[in-house]
Amino acid sequence: LVFINAWNEWAEGAVLEPDARLGHAWLQATRDALREPTPQPAPSTRPCLVVHAWYPEVLREILAAMRDSGQAFRLLVTTSPAKAAGVRAVLHQHGVHGEVIEGENRGRDILPFLHLASRLLDEGETLVLKLHTKQSPHRQDGQTWRRELLGLLLPQAQTTGLAAAFHNDPTLGLLAPEGHVQPMHYYWGANEDN
């Protein structure tokens, strides 16, 4: 049962009105209580691979690494509408089934992933590997960097070990490639002012 006493009865501690301490938390809790419960989907039994394909030509390399990993990934590829045809062509050429999700390339691959992450959670996905067709043309070592990252995340021994780590430790939320976690101030570059 949900008892709503007042919108802003501050003196009695009965308040739904948004405040500086909890924001909209009381309203959200009321909303959640009034919603019909939605059945939770069964957890997925296979890992999900989300690739942001800004460079469709690099997608070939990721697809080859995915195939060699030995994992039966569910593949989802985010890209901009202008690049979607090229992405679909690469998937077709490699005989790979994957869902292509078109969207704005805001925050490079971050906004497309945030939109997709909510959906995957609702669909019961429990293990997601997030990759990017990284070129980094402004760096001389851009190609090397990408290959190193793929080499740390997609070899068969790695993917099996990473999946087991999440299975064995339910408190584990995120893994990153070894040697590639940097302090926030380290690579601000031109983004520092923003």
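Residues numbered from 1 in each chain as written. Predicted model: local features only at pLDDT ≥ 70, side-chain atom pairs only at ≥ 80, totals over all residues. Heavy atoms only, no water.

Engineer: Explain the pairing of strand 4 (residues 74-79) to me, please; I cannot follow it from the model alone.
Structural biologist: In terms of residue burial, strand 4 counts as a mostly covered element, since six of its six residues are buried. Judged by which residues are buried, strand 4 turns out to be covered on both faces: Arg 74, Leu 76 and Thr 78 on one side and Leu 75, Val 77 and Thr 79 on the other are all buried. For the segment spanning strand 3 (residues 48-52), helix 2 (residues 56-68) and strand 4, crossover handedness is right-handed. Both strand 4 and strand 5 (residues 99-102) contribute to a ladder of four bridges, which runs parallel. Bridge pairing in strand 5 places Leu 76 opposite Glu 99. As a crossover connection, the stretch from strand 4 through helix 3 (residues 84-93) into strand 5 is right-handed. (Buried < 20%, exposed > 50% of the residue type's maximum accessible area, 1.4 Å probe, protein only. Helix = DSSP H or I, 4+ residues; strand = E, 2+ residues; numbered from the N terminus. Right-handed = clockwise from strand over helix to strand, strands pointing away. Pairing = 2+ DSSP bridges.)

Engineer: Quick question: what am I supposed to make of the sheet that holds strand 4 here?
Structural biologist: What holds strands together in a sheet is hydrogen bonding between their backbones, with the strands either parallel or antiparallel. Pairing is parallel in the open sheet, where four strands are placed in the order 5-4-3-6. Edge positions in the sheet fall to strand 5 and strand 6 (128-132), since each of these pairs with one other strand and no more. For this sheet, the mean angle separating the axes of adjacent strands, direction not counted, is 20°. As paired elements, strand 3 and strand 6 share five bridges and run parallel to each other. The residue bridging Cys 48 from the neighbouring strand is Val 128, located in strand 6. This element, helix 3, spans strand 4 and strand 5 of the sheet and lies at about 170° to strand 5. (Axes fitted to C-alpha atoms, helices over the stretch in contact; angles between N-to-C directions. Contact = heavy atoms within 4.5 Å.)

Functional significance is not addressed by these values, which are geometric in nature.
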